[in-house]
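# What the coordinates show
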Amino acid sequence: MIYAILLIPAVAAALLAVLPDDRTSARLNVVASLLTLACALVLLVERPAPGPFLIVDDLNVVFIVLSTLVGFTTSVFSASYIAHELEVGHLTPAYLRFYHAMYQLLMFGMNLALLSNNVGLMWVAVELATLTTVLMVGIYRTPAALEAAWKYFLLGSVGIALALFGTILVYLAARSVLGEGLDAMAWSELVEHAADFDPALLNLSFVFLLLGYGTKVGLVPLHAWLPDAHAEGPTPISAVLSGLLLNVALFAVLRFKSVMAANPLALAPGPLMVSLGLLSVVFASFMLYRRQDIKRLFAYSSIEHMGIVTFAFGMGGTLANFAGLLHMTLHSLTKSAIFFCVGHIAQIKGTQRMADIRGLTASHPVLGWGLALGVVAIAGLPPMGIFMTEFLIVTSTFAREPALAVALGLSLLVAFGALLLRLNGLAFGEPVGSRAPAQASFVPIALHLALVAVAGIWLPPALVAWFQHVAALMK
Amino acid sequence: MDQIALDVAHLFAGGLVLVSFMLLYQDRMTGLINIFALHALVVSLSVAWQAHIQGAPHLYITAAIALGVKAVVIPLALHRIVVRLGIHRTIEPVVGVGQTMLAGIGLVALSIMVMLPITAQAGTLAREDLSFALSVILLGLLMMISRRNAVSQVIGFMSIENGLILAATGAKGMPLVVEISVAFSILVALIVIGIFLFRIRERFETVDIHLLHEHRGEQP
């Protein structure tokens, strides 16, 4: 099963690269994503023993299931989105073939990064995922899209270079204990023997890894690529970037954090993550006010939420970890649902400028209310699930660091104000622009929002137990 | 390990830092590309020497890739791009050469002061190699921020990559070095193809990526 998760996207990518018909390839894309999701669900019950390269443990199984689920729903959304792009001539069939092949290659890269038991292999996989998204961000070939892709490329490459230097330092730290060879790069071995590693080398490596992978998480001040890449690429890619790729990079940071935490003499990784996370939340929540482009608005909101999650994991402890993990999951679901709505809306209106989009609930009730519900969820209003996780994070911080909790709570309020202000303009009032009916796929939007709403009201005890177990493991 | 082997390894690693400094003060595109080819040549020599003294034949592959791709193919491609775009002599440094060099010296001192004390356990070879490698990486970053032009930023990035290869081969017995260097070569090749295909010049009249701000649509 563990191989199937990697093989299906890889084979599908090869097939999609040669298939000429766009209808078939969109369908194949959906089917391949569904099969990957099915294999990921099997991992929940049946877990293979860790090998030198691949591993399934309690932590990464959460990420894999989330990643394949959002990958599947996004492929459904992408089919209807792309059909429209082809109709209006934004993309040619040749580009479409390329797009679908890259989509599956991205899924392959992300799954490999999540499953890898080897720090070097994980690095290669994250790089692959970065490259495929760069190519897709630039796919429209407009000046703005090319510039966004170029900026993402340069910043992403520098980040990934720093991460590699950190990886080399981790290997050096492990080599004196575990000897030369693959063992000194395997997660399972690293965490187990981390207590004996040289703390000074580990400290330095973590700084590089946090900055390197942190660039890909979109932490302030390394976030500059993120809004441009989200705004200029195709919307399905904005959805997987926000919903999945940022999580994968954060996952890499978490893996190294647990190595650091296992060494009592090494620097505590928490305060570093807390400061970067808090900085991201404060910065992004103020930046939300001046946005004029709808996709940029939600890109900044992604920075804010990744900041919250990093903050929570940095605080550590079972409660904060639990809330962080749940927040990350719910953010992925909500943000991709929002991007699904935004994608269809931008296609109908033919613009991403928020000033030209008004009165959506009157002109397009389903999309408009879907967007409204998504924004209510992402802003952290009850009864949606994000309210609960934000509440947990703020209250658990209050018990330990009241000053930080005040700063976090205030910036959450600032972001809340900005999002509701924008929502008011977008969703209500007199409709402007095209009122053409939407050729939208509503199922993914409804599914994601329903999951988020249910999570806010009632979490299945099995899920709570599972997440609590993972949170306790992360320390 | 005998003294001569160590000395030669240090010679190459130190040479790489020196060539990184040479990259910093180039004021013509052609010269910059030629010095970068020299940078790649030095790194491939250094990797080949490591392969020899560590008895690790797979590292010869990494050395061959560095030599073939980065010392020959990419410089030739960049020369063609530069001629086509007509930017032989346009390097626009953000700050003067003097300040850049001073900052570079500071960065080298910093990396030696950071790396030497903490790598005491890692063995003599890895120790100096790592501080040199970190110097090369920091100098590459300095180059990327002190130049506005896309081609020189790419060269800065590739010099960072050479520093990483130096670090990876210096860490004795590290697995997957060859795979990582192949992955990196693909990245670099894509960047160069990117400049070529995207034809930043044709679309923007300049390769100055400062113009990005105009496309953001954030200005009222």
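## With respect to the overall build of chain A
- Counting its secondary structure elements, chain A contains 19 helices and zero strands.
- In terms of overall dimensions, chain A is globule-like: its C-alpha atoms have a radius of gyration of 21 Å, near the 23 Å expected for 475 residues.
- In terms of its C-alpha atoms, chain A occupies a principal-axis envelope of roughly 65 × 55 × 45 Å.
- Scored against the burial criterion, the 475 residues of chain A give a buried share of 61%.
- Put simply, 82% of the contacts in chain A that link residues at least 6 apart link residues at least 24 apart.

## Examining the overall build of chain B
- Helix and strand counts for chain B come out as eight helices and zero strands.
- Going from the N terminus to the C terminus, chain B shows its helices and strands as α-α-α-α-α-α-α-α.
- Here chain B, with 220 residues, has 45% of them falling under the buried criterion.
- In chain B, 74% of the contacts between residues at least 6 apart in sequence involve partners at least 24 apart.

## Description of the nonpolar core
- With 248 residues, the main nonpolar core has Val-126, Phe-165, Ile-168, Val-248, Ala-249 and Val-253 of chain A together with Leu-16 of chain B as its most contacted residues.
- Those residues in contact with Val-126 of chain A that lie beyond four places of it in its chain are Ala-113, Ile-160, Lys-216, Val-248, Ala-249 and Ala-252 of chain A.

## A look at the environment of Ala-13 of chain A
Residue and element names in this part refer to chain A.
- Within the secondary structure, Ala-13 is located in helix α1 (residues 2-18).
- In the structure, Ala-13 is positioned 90 residues away from Tyr-103 in sequence and 7.6 Å away in space, judged by C-alpha atoms.
- In this view, Ala-13 contacts Ala-101, Gln-104, Leu-105 and Phe-108; residues no more than four positions away in its chain are not counted.

## Some points on the interface of chain B and chain A
- Across the boundary between the two partners, chain B contributes 37 residues, which contact 33 residues of chain A.
- Elements with a minimum of two residues in the side of chain B that touches chain A: α4 (97-118), α5 (124-146), α6 (150-170), α7 (177-198) and α8 (200-204) of chain B.
- Classifying every residue of the side of chain B that touches chain A by side-chain character gives 25 nonpolar, seven polar and five charged.

## Notes on the environment of Leu-164 of chain B
- Relative to the assigned elements, Leu-164 of chain B resides in helix α6.
- Since 26 C-beta atoms lie within 10 Å of it, Leu-164 of chain B is described here as buried.
- Expressed as a C-alpha distance, the spacing of Leu-164 of chain B and Arg-147 of chain B, which sit 17 residues apart in the sequence, is 21 Å.
- Other than its neighbours up to four places away in sequence, Leu-164 of chain B contacts Ala-161, Leu-164 and Phe-165 of chain A together with Ile-137 of chain B.

## Examining the packing of helix α4 (residues 93-115) of chain A against helix α10 (residues 235-261) of chain A
Residue and element names in this part refer to chain A.
- One way to put it is that α4 packs onto α10 with a least axis distance of 9 Å and a crossing angle of 30°. With respect to their mutual orientation, α4 and α10 come out roughly parallel. Relative to α10, the crossing made by α4 is left-handed. Between α4 and α10, the residues in contact are Leu-106, Met-110, Ala-113 and Leu-114 and Val-240, Leu-244, Leu-245, Val-248 and Phe-251, respectively.

## Topic: the packing of helix α5 (residues 119-137) of chain A against α10 of chain A
Residue and element names in this part refer to chain A.
- Across the interface, α5 lies against α10 with an axial gap of 11 Å and an inter-helix angle of 160°. Judged by the inter-axis angle, α5 sits roughly antiparallel to α10. Classified by chirality, the crossing of α10 by α5 is left-handed. Together, Met-122, Val-126, Ala-129, Thr-133, Met-136 and Val-137 of α5 and Ile-237, Leu-241, Leu-245, Val-248, Ala-249 and Ala-252 of α10 make up the contact between the two elements.
- Of the residues belonging to the contact of α5 with α10, the class tally is 11 nonpolar, one polar and no charged.

## Overview of the confidence of the model for chain B
Residues and elements named next belong to chain B.
- Looking at chain B, pLDDT values average 81 and 83% of them are 70 or higher.
- Predicted confidence is poor over residues 201-207, with pLDDT under 50, and the contacts of this stretch with residues over four places away or in other chains come to 14 contacts.
- At the level of chain-chain contacts, confidence expressed as ipTM amounts to 0.88, with global pTM at 0.91.

## Quick word on unusual backbone geometry
Residue and element names in this part refer to chain A.
- The step from Val-220 to Pro-221 runs through a cis peptide bond, and the omega angle for that step is 5°.
- Secondary-structure assignment places Pro-221 in the loop between α8 (199-217) and α9 (225-232).
- Put simply, Pro-382 and Pro-383 share a cis peptide bond, and its omega is 10°.
- Note that Pro-383 resides in the loop between α15 (365-379) and α16 (385-400).

## Describing α4 of chain B
Residue and element names in this part refer to chain B.
- Compared with an ideal rise of 1.5 Å per residue, which puts 22 residues at 32 Å, α4 spans 32 Å between its outermost C-alpha atoms and is within 8% of the ideal.
- Of all the positions in α4, only Thr-100, Gly-104, Ser-111, Met-115 and Ile-118 are classed as buried. One side of α4 carries all its buried residues, which in axial view fall inside an arc of 85°. Facing away from the buried side of α4 by more than 90 degrees, the exposed set consists of Gly-98, Gln-99, Leu-102, Ile-105, Gly-106, Ala-109, Met-113 and Pro-117.

Rules used in this analysis
Residues numbered from 1 in each chain as written. Chains lettered and ligands numbered in written order. Predicted model: local features only at pLDDT ≥ 70, side-chain atom pairs only at ≥ 80, totals over all residues. Helix = DSSP H or I, 4+ residues; strand = E, 2+ residues; numbered from the N terminus. Rg over C-alpha atoms; globule rule 2.2 N^0.38 Å. Buried ≥ 20, exposed ≤ 12 C-beta atoms within 10 Å, placed from the backbone. Contact = placed C-beta atoms within 7 Å. Core = buried A, V, L, I, M, F, W, Y, C linked by C-beta atoms within 7 Å. Nonpolar A, V, L, I, M, F, W, Y, C, P; charged D, E, K, R; others polar. Axes fitted to C-alpha atoms, helices over the stretch in contact; angles between N-to-C directions. Parallel < 35°, antiparallel > 145°, perpendicular 65-115°, else oblique. Left-handed = near helix turned anticlockwise from the far one by under 90°. pLDDT = per-residue confidence, 0-100. Expected span 1.5 Å × (residues − 1). Arc of directions from axis to C-beta.

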